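Coordinates in review
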Amino acid sequence: DTTAADGEQVVTGPQISAAQPPWRPDYTELARRARLRGIPEPGSEKFHWHQQLRIYRDGLLIDTPSLIGLDIDNKVAVGVHTHEDTPGVIHMEGDKPFDATLGDFFAMWGVKFGGGWLGGLHAEGDDKLRTFVNGREISDPAAYRLRRNDNIVSAFGSADDFPRRPDTTELQKANGQKGGSSCSLNKSTGKRPKSCVMELFEKQS
């Protein structure tokens, strides 16, 4: 669900955490949250975009964990998620193109976001939530529609203790550059699998 606060969207809904960081992925209501927000399953992954997200609190990097949106045990996968081999990179994957917002990603994670909220952190005094996309500050971050290769920073604290444009090495790796790949090659065939997510589930089963 999304509610409005002071003109900004705020991610709320089933099992959305307002706890202090770090935040683990929540899977208990993952499928329901995806349905509520219209996020498809990854499917054949013919559509595949990446964005990089870095989160800071008082200048310190907060981990964006792997397997957000990918419940291995129950084989639930949603089309906005993170992988293990590219830390802090969001993957948008589906049978066909679809729209998703930064708020959708935090909803798949299970973390309250927007309207000055970042989990249990809330704007007070000089401490504010600021979000930058490709170096430009945006005013309603939960409503921001994700675009290919976005470099996103959400930072809580003062204005001068975090980078506006972090290094994009992991994003480039996810795009198959700098020796990386969003999916590993099959050693026997030399080809990428048709579905990286399904391959991951099969490895863990």
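Right, let's walk through the structure included here. (Residues numbered from 1 in each chain as written. Predicted model: local features only at pLDDT ≥ 70, side-chain atom pairs only at ≥ 80, totals over all residues. Heavy atoms only, no water.)

With respect to the layout of surface pockets
This is how the line gets drawn: Of the two site types, the cavity is a set of points on a 1 Å grid over the protein atoms alone where a 1.4 Å probe fits but cannot get out, and the pocket is an open set with protein on both sides within 12 Å along at least five of seven lines, each lined by residues with an atom within 4 Å of a point. Grid points are joined across faces, edges and corners, and a volume is the space filled by probe spheres set on the points. Strands here mean DSSP runs of E at least two residues long; helices mean DSSP runs of H or I at least four residues long; both are numbered from the N terminus. For this classification, the nonpolar set comprises Ala, Val, Leu, Ile, Met, Phe, Trp, Tyr, Cys and Pro, the charged set comprises Asp, Glu, Lys and Arg, and every other residue, Gly included, is treated as polar.
The computed volume of the second largest pocket comes to approximately 160 Å³. Contributing to the lining of the second largest pocket are Glu 8, Gly 115, Gly 116, Ala 123, Lys 128, Leu 129, Arg 130, Thr 131, Glu 137, Ile 138, Ser 139 and Pro 141. Looking at the lining of the second largest pocket, the elements with two or more residues in it are β12 (128-133) and β13 (136-138). Among the elements that make up the lining of the second largest pocket, the one with the highest residue count is β12 (4 residues). Taken together, the residues that form the lining of the second largest pocket break down as 4 nonpolar, 4 polar and 4 charged.

Focus: helix α2 (residues 102-109)
Residues that lie three or four places apart on an α-helix share one face, since the helix turns once every 3.6 residues. Going by this rule: The cut-offs for exposure are 20% and 50% of the maximum accessible area for each residue type, with area from a 1.4 Å probe on protein chains only; residues under the lower value are buried, those over the upper are exposed, and the others partly exposed.
In terms of burial, α2 is a largely internal element, 8 of the 8 residues being buried. Along α2, the residues that are buried comprise Leu 102, Gly 103, Asp 104, Phe 105, Phe 106, Ala 107, Met 108 and Trp 109. Residue Gly 110 follows α2 closely and has a positive phi angle near 95°.

Topic: the packing of aromatic side chains
Defined as follows: Pairing of aromatic rings covers Phe, Tyr and Trp, the last through its six-membered ring, and needs centres within 6.5 Å; plane angles under 30 degrees mean stacked, over 60 mean edge-to-face, and all others mean tilted. Consider the ring centre and the ring normal. A charge sits over the ring if Lys NZ or Arg CZ is within 6 Å of that centre and within 35 degrees of that normal.
Tallied over the full model, the rule gives 9 aromatic pairs. Judged by centre distance (5.9 Å) and plane angle (55°), the rings of Phe 105 and Trp 109 are tilted. Here Phe 105 and its partner Trp 109 are both found in helix α2, 4 residues apart, which amounts to about one turn of the helix. Just as Phe 105 is buried, Trp 109 falls in that class too. One aromatic cluster in this structure is built from Trp 23, Phe 105, Phe 106, Trp 109 and Phe 113. We note Arg 164 situated over the ring of Phe 162; from NZ or CZ to the ring centre the distance is 4.6 Å.

Some thoughts on the pattern of salt bridges
Selection criterion: The working definition used for a salt bridge is a side-chain nitrogen of Lys or Arg within 4 Å of a carboxyl oxygen of Asp or Glu.
Inspection of every chain in the model, using the stated rule, returns 5 salt bridges. Among the ionic pairs, Arg 33 bridges to Asp 26, the shortest N-O distance being 2.9 Å. Its relative accessible area of 17% is what places Asp 26 among the buried residues. The salt bridge partner of Arg 37 is Asp 104, with a shortest N-O separation of 2.5 Å. On the criterion of sequence distance, the pair formed by Arg 37 in helix α1 (residues 30-37) and Asp 104 in helix α2 is long-range, its members being 67 residues apart.

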